[in-house]
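A look at the structure
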Amino acid sequence: MEAFTTHTGRAVPLRRSNVDTDQIIPAHWLKKVTRDGFEDGLFESWRRDPEFVLNQEAHRGATVLVAGPDFGTGSSREHAVWALQNYGFKAVISPRFADIFRGNSLKNGLLTVVLPAATVEALWELAEREPGSEVTVDLVARRVTAPGIEADFDLDENARWRLLEGLDDISLTLREEAAIADFESRRPVYKPRTQAV
Amino acid sequence: MGRTLAEKVWDDHVVRRAEGEPDLLYIDLHLLHEVTSPQAFDGLRKSGRRVRRTDLTLATEDHNTPTLDIDKPIADPVSRTQLETLRKNCGEFGVRLHPLGDTEQGVVHVVGPQLGLTQPGTTVVCGDSHTSTHGAFGALAFGIGTSQVEHVLATQTLPMAPFRTMAVTVNGELPEGVTAKDLILAIIARIGTGGGQGYVIEYRGEAIERLSMEARMTICNMSIEAGARAGMIAPDETTFAYLEGRDHAPEGADWDAAVAYWRTLRTDEDAAFDHEVVIDAAELAPFVTWGTNPGQGAPLTASVPDPRSFADPGDRVAAEKALEYMGLAPGQRLREIAVDTVFVGSCTNGRIEDLRSAAEVLRGRRIAEGVRMLVVPGSVRVALQAVDEGLDRVFTEAGAEWRHAGCSMCLGMNPDQLSPGERCASTSNRNFEGRQGKGGRTHLVSPQVAAATALTGHLASPADLADVPTPAEV
C-alpha cells in the first residue's frame, strides 16, 4: 500500500448524503477482475448530467472529495475505493462513513476523514465560492486546513500508523503465525469444515 | 459485569490482543463468490502465498449467473470471464466451489446456512455486505472488502476494530400478515441508514424468538442497510432444530458438545448494551419503501411523504432527490403506485418459506395484465424443494416466470435488469438509484406484498385482494 502522510489539492463539493457504493461504482463495472480501470465508472450515472459537480471545469483535477453524511453505504465492493483512486482522489471528507467502505479505503491508502457537518458545509461553501483554493489533509498532524478553515480530525493510532508507513496488513499478521497456529490447535472439533484436507 | 452475545463470540475468537491495536480474530468460515475474490487471489499469487485453510473456505457462483438457458455458454463475455476466473482460482488454490449447474449452487448466503456450515458461535466472513445474514444463527458475521478477503485467505484471521453493541428489542407478537421483512424495513426506517454505524445489533424479544430461522435470516440480512457491522439473534431450540441433520452439522457426541456450547451464547442478564431500541410488534403493518435508500419507507397504508415534513435539512434534500428519481409526488397514496415488474428472490427473501408465502397469495389467480413477475429461488436446493411442492407451477400458472437460482435482479449483474423508468416491487434489499438497472425504480417489499402487487398491478398486501377473484369464483 502507498503511504499517506499529507496531501494538498483542490476540493469537489458533493452535496449529497447517503452516497451508496452502487452510485460510486455501478454493479456492471464489478465484472472486471483487476484493481484498475474503474475511473470511467466512478459516479457513472450522475456524470451523464453535464451539470454534475465532477463535470464542471472549475473542479477538474480536484483530489479531495467532500461529501454529506453516510458516504459509502451499501455493498462491500472495494471497487468503490479503487474507482475513487483511479479517478485521482486522494482523500474523502464526510461527517460519517459506512464501516466497510471506511475499512476498505484505509487498506488502500485512500484517506477518509470524518469532520463535523458544519465544517463540511464550510468546505462546500469554500469550494463553490473559490474552486481554486487548496485544501490540505495532514495525517501527521491529523488536521485539515483550507483558507479560513482549520479542523482537527480523529483516526485511531493503529490505522494512522499503518497509513503513514504504508504497511501491508497481511505481512504484519503473518508475524503472528505462532499465535494463529496455537489458536488453531485449541479449536473445538465440532466446528464446521467445508472439505476434508 | 456480564457480556452480550456478540462480545462472547468475539472473545472466543481472539487470536491476539494488544493495547492500542485491533484484536486479531480467527475466522471459522470464509465464503467466496466471483465478484469480490479475483483481485484477492491475484494478490496471493503475486506474493507467493497459499490459502491457509481450504477446509474453512467455500465458493459459489451467484452474482453473474444467468437465470435462463444455464446450459448454454454465458452470453456476456465479461461475466463469463469472471466466472471462469473463479473456477481457475478455486482449482489452483484447492477451494471447494459450487459452480453454475451444480446442485449446491446458489446465492452464497442461502448456500452456507442450508449446508449447515453456518453455526452458532462461529465467525463468518464473505466479500459481500449481506454476510450479516448468518448472524441469524448467533454467528458473528461480517461483510468485508477484497483486501480483507485476501487477508483471510492468507491467514484465516482478520484484525478487527472494536465494536459497540445495540439491542433492538421487539416486544409482543407480529400482527397477522406482517412479516420479518416488514419488521426489518420498519426498524431501518426508525434508526436510519447510518444509525447502526459501528454497532453489532442483537435482535431480541418475543417477536424475534417466534420467528423461523428463515425469517431471522431476513432480519439479520438487512442489518447492513441500517449501517450496522453485523446483526445477531441468540441461538435457541429453533436454531438447533434447523441445524440438526444438515450436511455439515456436528453428529453424535460432537453435536451434544456443540449444543452445550451454543446454549451459553445468550446475552447475560447483567450485560449492558451501548444503545437500545424498543419496538412494539403490535403496531407494525406491511411496510414498503418510497425512496432511494432502505430507510425511506412507510406503512403501505400511508402516503408518499412531503420532503418539507423532514426536520433535518439533509433528510429533506435526500427526500426531494429521491422523489424526483422515483417519479413520485408528495401525498400520493402508496397503494396507488403502479408497478411494471415484480421480483421475488435474493439473499433477503429467496428461501423456501418466502416462495411458499408468495405462492400462497398467487395460488389460483393470474397476475395483472402488463406486469412481469420474476421468481428466482435463492439456490438450486430451494428450487428443487419448490418444484417438489408444486410451487413452480403455481407461479407459472399465475403468469410469473420461474427462473434458475442466483442473485439476479437484486443487483442486475446478469441480464435480469429493469429498463430506465421501469418500476419494480422487489423482495430484495436495496432501492438505490439504478441498483436493479439504469434508471430503474425499486420499492422494497415482503414476498406477500410482492405477490399481491403482481395480482393488482399496484402496491398491495394480501388483505387488499378481496376484490381479485380466483378462477373458482369467476
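Residues numbered from 1 in each chain as written. Chains lettered and ligands numbered in written order. Predicted model: local features only at pLDDT ≥ 70, side-chain atom pairs only at ≥ 80, totals over all residues.

Chain B appears in an unreviewed UniProt entry as 3-isopropylmalate dehydratase large subunit from Streptomyces zhaozhouensis. Taken verbatim from the UniProt record of chain B, the Sequence similarities (unreviewed entry) comment is "Belongs to the aconitase/IPM isomerase family. LeuC type 1 subfamily." According to the UniProt record, the Subunit (unreviewed entry) comment for chain B is "Heterodimer of LeuC and LeuD." (UniProt positions renumbered as here; feature names shortened; annotations may be inferred.)

As annotated in an unreviewed UniProt entry, chain A carries the name 3-isopropylmalate dehydratase small subunit and comes from Streptomyces zhaozhouensis. Taken from UniProt, the Sequence similarities (unreviewed entry) comment for chain A reads in full: "Belongs to the LeuD family. LeuD type 1 subfamily." As stated in UniProt under Catalytic activity (unreviewed entry), the record for chain A gives "(2R,3S)-3-isopropylmalate = (2S)-2-isopropylmalate".

1. Some thoughts on the overall build of chain B
Of regular secondary structure, chain B possesses 16 helices and 19 strands. Computed over its C-alpha atoms, the radius of gyration of chain B comes to 22 Å, within 12% of the 23 Å expected for a compact globule of 474 residues. Each principal axis of the C-alpha atoms in chain B carries an extent, and together these give about 65 × 55 × 45 Å. The buried share among the 474 residues of chain B stands at 59%. Taking the contacts inside chain B whose residues are at least 6 apart along the sequence as the reference set, 76% of them involve residues at least 24 apart. (Helix = DSSP H or I, 4+ residues; strand = E, 2+ residues; numbered from the N terminus. Rg over C-alpha atoms; globule rule 2.2 N^0.38 Å. Buried ≥ 20, exposed ≤ 12 C-beta atoms within 10 Å, placed from the backbone. Contact = placed C-beta atoms within 7 Å.)

2. Concerning the overall build of chain A
Counting its secondary structure elements, chain A contains seven helices and seven strands. The secondary structure elements of chain A, listed N-terminal to C-terminal, are β-α-β-α-β-α-β-α-β-β-β-α-α-α. For chain A, the spread of C-alpha atoms along the principal axes amounts to about 65 × 40 × 25 Å. Burial statistics for chain A: of 197 residues in total, 46% are counted as buried. The long-range fraction of contacts in chain A, counting pairs at least 24 apart against all pairs at least 6 apart in sequence, stands at 72%.

3. Thoughts on the interface of chain B and chain A
Facing the 67 residues of chain B at the interface are 52 residues of chain A. Here the element with the most residues in the side of chain B that touches chain A is helix α5 (residues 146-155) of chain B; it accounts for six residues. Taken together, the residues that form the side of chain B that touches chain A break down as 22 nonpolar, 32 polar and 13 charged. (Nonpolar A, V, L, I, M, F, W, Y, C, P; charged D, E, K, R; others polar.)

4. Quick look at the environment of G172 of chain B
The topology assignment puts G172 of chain B in the loop between β9 (164-171) and α6 (180-191). As for G172 of chain B and D280 of chain B, which are separated by 108 residues in sequence, their C-alpha atoms are 6.3 Å apart.

5. Observations concerning the UniProt feature "domain: Aconitase A/isopropylmalate dehydratase small subunit swivel" (unreviewed entry) in chain A
When the UniProt feature table is mapped onto this chain, "domain: Aconitase A/isopropylmalate dehydratase small subunit swivel" (unreviewed entry) is found at residues 1-116 of chain A. Summarising residues 1-116 of chain A: 20% helix, 18% strand, and an end-to-end C-alpha distance of 28 Å.

6. What about the domain arrangement of chain B?
All names here are of chain B. For chain B, the domain assignment lists domain 1 (5-275) and domain 2 (288-473). Summarising the inter-unit geometry, the C-alpha centres of domain 1 and domain 2 are found 25 Å apart. Each partner contributes residues to the interface: domain 1 has 36 residues there, and domain 2 has 36 residues. Those elements giving two or more residues to the side of domain 1 that touches domain 2 turn out to be α4 (108-114), α6 and α8 (213-221). In terms of residue count, α6 provides more of the side of domain 1 that touches domain 2 than any other element does, five residues in total. Grouping the amino acids of the side of domain 1 that touches domain 2 by side-chain chemistry returns eleven nonpolar, 19 polar and six charged. (Domains from an automatic or database assignment.)

7. Structural notes on the sheet that holds strand β11 (residues 230-232) of chain B
All names here are of chain B. Spatial ordering of the open sheet is given by β11-β10-β9-β12, a layout of four strands whose pairing is parallel. Among the strands making up the open sheet, the edge pair consists of β11 and β12 (275-280). Pairs of neighbouring strands in the sheet enclose a mean axial angle of 20°, with direction left out of account. As defined by bridge partners, β9 adjoins β12 across six bridges and the pair is classed as parallel. The partner of T169 across the bridge, within β12, is V278. (Pairing = 2+ DSSP bridges. Axes fitted to C-alpha atoms, helices over the stretch in contact; angles between N-to-C directions.)

8. Focus: the UniProt feature "binding site: [4Fe-4S] cluster" (unreviewed entry) in chain B
Residues and elements named next belong to chain B. Mapped onto this numbering, the UniProt entry annotates "binding site: [4Fe-4S] cluster" (unreviewed entry) at C347, C407 and C410. Of the residues just listed, which span 64 residues, no C-alpha pair is farther apart than 8.8 Å, and they cluster in one region. Secondary-structure assignment places C347 in helix α12 (residues 346-349). For C347, a count of 28 C-beta atoms within 10 Å translates into the label buried. Contact partners of C347, with chain neighbours within four places excluded, come to V107, H109, V110, H130, T133, N221 and G378. Structurally, the position occupied by C410 is in the loop between β17 (401-402) and β18 (423-426). Non-local contacts of C410, meaning those with residues more than four positions away in its chain, are made with G345, S346, S428 and N429.

9. Points about the sheet that holds strand β7 (residues 149-152) of chain A
All names here are of chain A. Ordered by their spatial adjacency, seven strands build an open sheet running β4-β3-β2-β1-β5-β6-β7, and the pairing between neighbours is mixed. Single-partner strands in this sheet number two, and they are β4 (111-114) and β7. Going from strand to strand, the sheet's axes swing by 25° on average, the running direction of each strand aside. Here four bridges tie strand β3 (residues 91-94) to β4, and the two strands are oriented parallel to one another. Of the residues in β4, the one forming a bridge with S94 is V114.

10. Quick notes on the nonpolar core
Side chains of a nonpolar character, in soluble globular proteins, are inclined to be buried together. In this structure, V66, L84 and I93 of chain A together with L183 and V342 of chain B are the most contacted members of the largest nonpolar core, which totals 190 residues. Broken down by element, the residue count for this core peaks at seven residues, all from α6 of chain B. Here this core gathers at least three residues from each of two domains, domain 1 (5-275) and domain 2 (288-473) of chain B. Sequence-distant contacts of L183 of chain B, defined by excluding residues within four places in its chain, comprise V170, L174, V178, I219 and L284 of chain B. (Core = buried A, V, L, I, M, F, W, Y, C linked by C-beta atoms within 7 Å.)

11. Some points on the environment of G198 of chain B
Looking at the element boundaries, G198 of chain B is found in the loop between α6 and β10 (199-204). A tally of 18 C-beta atoms within 10 Å means that G198 of chain B is categorised as partly exposed. It is 7.8 Å that separates the C-alpha atoms of G198 of chain B and G227 of chain B, two residues lying 29 residues apart in sequence. Here G198 of chain B is in contact with D99 of chain A together with F163, R164 and R229 of chain B, once residues within four sequence places are set aside.

12. Describing the pairing of strand β4 (residues 57-60) of chain B
Residues and elements named next belong to chain B. Burial along β4 is two-sided: the residues T57 and A59 and L58 and T60 are all buried. In the sheet, strand β3 (residues 29-32) pairs with β4 via three bridges, with the strands oriented parallel. Bridge pairing links L32 to A59 in β4. Pairing geometry for β4 and strand β5 (residues 96-98), over three bridges, is parallel. Bridge pairing links L58 to R96 in β5. Taken together, β4, helix α3 (residues 77-93) and β5 form a β-α-β motif whose crossover is right-handed. (Right-handed = clockwise from strand over helix to strand, strands pointing away.)

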